[in-house]
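Now for the letters of each chain:
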Amino acid sequence: MADDESRPAPAGGQQPMPTDERRGGSRRRVLKSGAIEFGNEAIPCTVRNLSPQGACIEVNSPLWFPDRFVLAVDGQRHTCRVIWKKERRIGLGFA
């Protein structure tokens, strides 16, 4: 008998989901328009989630922009840095 067969299954019969969550705090889902500002440029974006520590944004196309910029949303401006990119979504940490 293999070791896996001798271990009891978790309650409900489901395996625990692995997590790779690295955020310092939870973010709340939002759907807001924002802007990526750097130099004299402003690129529109959609803010998908937001917390005091960072945000996830979505851009219309994966254009180049700097790793550090200002995110303008709801009349507030957040200095931020890019933490990750995946296709059109970008994870940000606020400085």
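Preceding this paragraph is the structure being described.
Residues numbered from 1 in each chain as written. Predicted model: local features only at pLDDT ≥ 70, side-chain atom pairs only at ≥ 80, totals over all residues. Heavy atoms only, no water.

Caption draft 1: Highlighting the pairing of strand β2 (residues 41-50). Sheet topology places strand β1 (residues 28-38) next to β2; nine bridges connect them, and they run antiparallel. Of the residues in β2, the one forming a bridge with K32 is V47. Between β1 and β2, which pair antiparallel one after the other, the connecting turn spans two residues, and G39 there sits at a positive phi close to 55°. Where β2 and strand β3 (residues 54-58) come together, four bridges link them in antiparallel fashion. For N49, the partnering residue across the bridge sits in β3 and is C56. From the end of β2 to the start of β3, which pair antiparallel, there are three residues. (Pairing = 2+ DSSP bridges. Helix = DSSP H or I, 4+ residues; strand = E, 2+ residues; numbered from the N terminus.)

Caption draft 2: Molecular detail of the sheet that holds strand β5 (residues 76-86). What the six strands build is a closed barrel, ordered β1-β2-β3-β6-β5-β4; its pairing is antiparallel. The sheet shows a mean angle of 45° between the axes of neighbouring strands, taken without regard to direction. Relative to strand β6 (residues 89-94), β5 runs antiparallel, the two being bridged by six bridges. Following the sheet pairing, V82 is matched in β6 by L92. (Axes fitted to C-alpha atoms, helices over the stretch in contact; angles between N-to-C directions.)

Caption draft 3: Structural context of unusual backbone geometry. In this structure, D74 is a non-glycine residue whose phi angle is positive, near 55°. When you line up the elements, D74 lands in the loop between β4 (68-73) and β5. For D74, a relative accessible area of 53% translates into the label exposed. Positive phi, normally seen in glycine, also occurs at E87, with a value near 55°. Its place among the elements puts E87 in the loop between β5 and β6. (Buried < 20%, exposed > 50% of the residue type's maximum accessible area, 1.4 Å probe, protein only.)

Caption draft 4: Just the environment of V30, in detail. Inspection of the secondary structure assignment puts V30 in strand β1. Residues V30 and C56 lie 26 residues apart in sequence; the distance between their C-alpha atoms is 9.6 Å. Residues in contact with V30, not counting those within four places in the same chain, are V47, R48, N49 and L50. (Contact = heavy atoms within 4.5 Å.)

Caption draft 5: Main features of the pattern of salt bridges. Scanning all chains against the criterion turns up five salt bridges. Across the pair R48 and E58 runs a salt bridge, and its minimum N-O distance is 3.8 Å. With R48 in strand β2 and E58 in strand β3, the pair connects residues that are ten residues apart, well separated along the chain. On the accessibility criterion, E58 (17% relative accessible area) is buried. Notably, a salt bridge pairs R88 with E58, separated by 2.7 Å at the nearest N-O pair. In this pair, R88 sits in the loop between β5 and β6 while E58 sits in strand β3, placing the two residues 30 residues apart along the sequence. Taking relative accessible area as the criterion, R88 reaches 37% and is therefore assigned partly exposed. Residues participating in the shared-partner salt-bridge network are R48, E58, R88 and R89. (Salt bridge = Lys/Arg side-chain N within 4 Å of Asp/Glu carboxyl O.)

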